[in-house]
Structure formats: structure tokens, C-alpha cells
Amino acid sequence: MVRYFGHHYLKQFIRGKPVRLGSNNGTICCSQTGYCYQTQVYEGKSKKLGDDESISGLGTLFVLQMVSILQTPNAHKVYFDNFFTGFSLMKHLQDIDVRATGTVRFKRMNKFPIATDKEIRKKERGAYDYRFDSRNEILAVTWNDNSCVRLLSNHETIEPISEVKRWSRTEKKDIQVPQPKLISEYNKYMGGVDKMDWNVQKYIIRIRGKNGVFLCLLMPST
């Protein structure tokens, strides 16, 4: 979100965001430095991309537009959250040789015969269930943490299983919880946009004028 208080038809209000009022931008960034490769202002819903009617949905269209700038798609890995992730998107990214992983909502898992949230919560913390679609080469995983975590990936694997530290309320101490590989990889690389936001905030200057406060973004020279 780019903070903006003026009058413009693209201005949005999103409750729960650190910046709730302004321009909503979609961005693809480097996971290590936060360097912005491409950004796009949200201008409203789009129905489809080109003439392919099977490729639809706001999240799907946005991801495909962002990865279109990659000159060597197979040299990159793309991570995104459940607003974008769906089985059809993962399948299309697989077809164009883009490796991707993302959290996903249960209804977008293409009816994978996998444990539901209610079933996985009855098991111990760290329990997981997975299914692999060998035809489309897509992996679906459900993992029991503080809440149920679901992911889809067209390139990651379950093993090796790592361990993460979690606080146990019953034992009153930190315990080690098993975690599948694709979840640890997602946590490791999902954060490029947050780093970009952190970098941008370092260069915000407030200028007070007669009609209010103006916010200027001063980017460092390269």
C-alpha cells in the first residue's frame, strides 16, 4: 500500500493493513534484498488473460503478469500467499517452467484427498498430511502448527524433515516440532516485499503544506 489521502478513483481502504488508505500495488521482489523487479497498481478486476479462458481470476492474472518479466523462468523460484495460490495457477506455472510455492485455501486445492483442518487439528502438533498429483507434478501439504497450514508447490518436496522450536503450553517449555521441507523453504524466502516496504519507509519525508501533509518517497540514487 502506498499511503495517499487525496481524491483518486484508485484509492482503497483495506482494514487490518499497516497502511490502510492509499494505492494498492502488487510487486515482485528479491527475497534477499527486497529489490523490486516489477510493480503494478491495482485498477480493478480483470476477467481473463488474452484468449485463454481457462486462465482467470485476479490473483492468477497478477502472478502471470509479474513472472512474464523473467528472461530465464527456470532459474527462479516464486513464493506467494493464499490470495494468489490455486491449483490451476500452479499447473500453468508448471507448463511455462516457473517453480512456485504458495499457501492455499482449502477450496482451491482441486479436491485433493487430503486431511481437512478439523482432522489435522486432532493430531499432535507438527503432524502433516500430503498428496502428490503425479500427472501434473503438484504437491499438496497440510501441516498442524498454531493453526492449520496448507501449501501447494510444483517443485518442492516433503523431505528432509526439519525441526522448529515452538512453545508448549502443556509442558511450559520450548519443544521441537517436525516441519516438512517445503514449509521451511516458504518461510525462508517469503518476505521480499516486506523487505522492500522496510527499505522504502527509510526514505519517507513528511512535508507540511497549507492544505495538509504531503508524503514524499525519496529513493536512493544507483
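Numbering of residues starts from 1 in every chain and runs along the sequence as written. In view of the model being predicted, local features appear only for residues whose pLDDT reaches at least 70, and side-chain atom pairs are presented and counted only at 80 or more, with totals across whole chains, interfaces and linings using the full set of residues. Derived side-chain values reflect all non-hydrogen atoms in the structure, with water molecules and hydrogen atoms excluded from consideration.

Undergrad: Can you tell me about the packing of aromatic side chains, naming the residues and giving the values?
TA: Only the six-membered ring of Trp is used, alongside the rings of Phe and Tyr, when aromatic pairs are assigned; centres must lie within 6.5 Å, and planes under 30 degrees apart are stacked while those over 60 apart are edge-to-face, with the rest tilted. This structure, assessed with the given rule, holds 8 aromatic pairs. An aromatic cluster is present here, built from F62, F80, F83 and F84 joined pairwise through their rings.

Undergrad: Now, about the pairing of strand β8 (residues 77-80): what can you tell me, with residues and values included?
TA: Two strands are said to pair when DSSP picks up at least two bridges between them. Helix and strand labels come from DSSP, where a helix needs a run of H or I of at least four residues and a strand needs a run of E of at least two; each type is numbered from the N terminus. Pairing analysis gives 4 bridges linking β8 to strand β9 (residues 99-103), with the strands arranged parallel. Across the sheet, F80 pairs through a bridge with G102, a residue of β9. Crossover handedness is defined by viewing with both strands directed away from the observer: a clockwise path from the first strand over the helix to the second marks the crossover as right-handed. In this region the chain leaves β8, passes through helix α2 (residues 87-95) and returns to the parallel neighbour β9; the handedness of that crossover is right-handed.

Undergrad: Talk me through unusual backbone geometry; I want residue IDs and the actual numbers.
TA: Among all residues except glycine, the phi angle is most often negative; among peptide bonds, the trans geometry is most common. In this structure, P160 follows E159 across a cis peptide bond, with omega equal to 5 degrees. Even without glycine at this site, D97 takes up a positive phi of about 70 degrees. Among the structural elements, D97 can be located in the loop between α2 and β9. Only protein chains enter the area calculation, which uses a 1.4 Å probe; residues under 20% of their type maximum are buried, those over 50% are exposed, and those in between are partly exposed. What makes D97 partly exposed here is its relative accessible area of 41%.

Undergrad: Provide a residue-level description of the pattern of salt bridges, including the pertinent values.
TA: Here a salt bridge means any side-chain nitrogen of Lys or Arg lying within 4 Å of a carboxyl oxygen belonging to Asp or Glu. Considering all chains together, one arrives at 7 salt bridges under this definition. Note that E171 is salt-bridged to K173, the shortest N-O span being 4.0 Å. The network of salt bridges with shared partners includes R125, D145 and R166.

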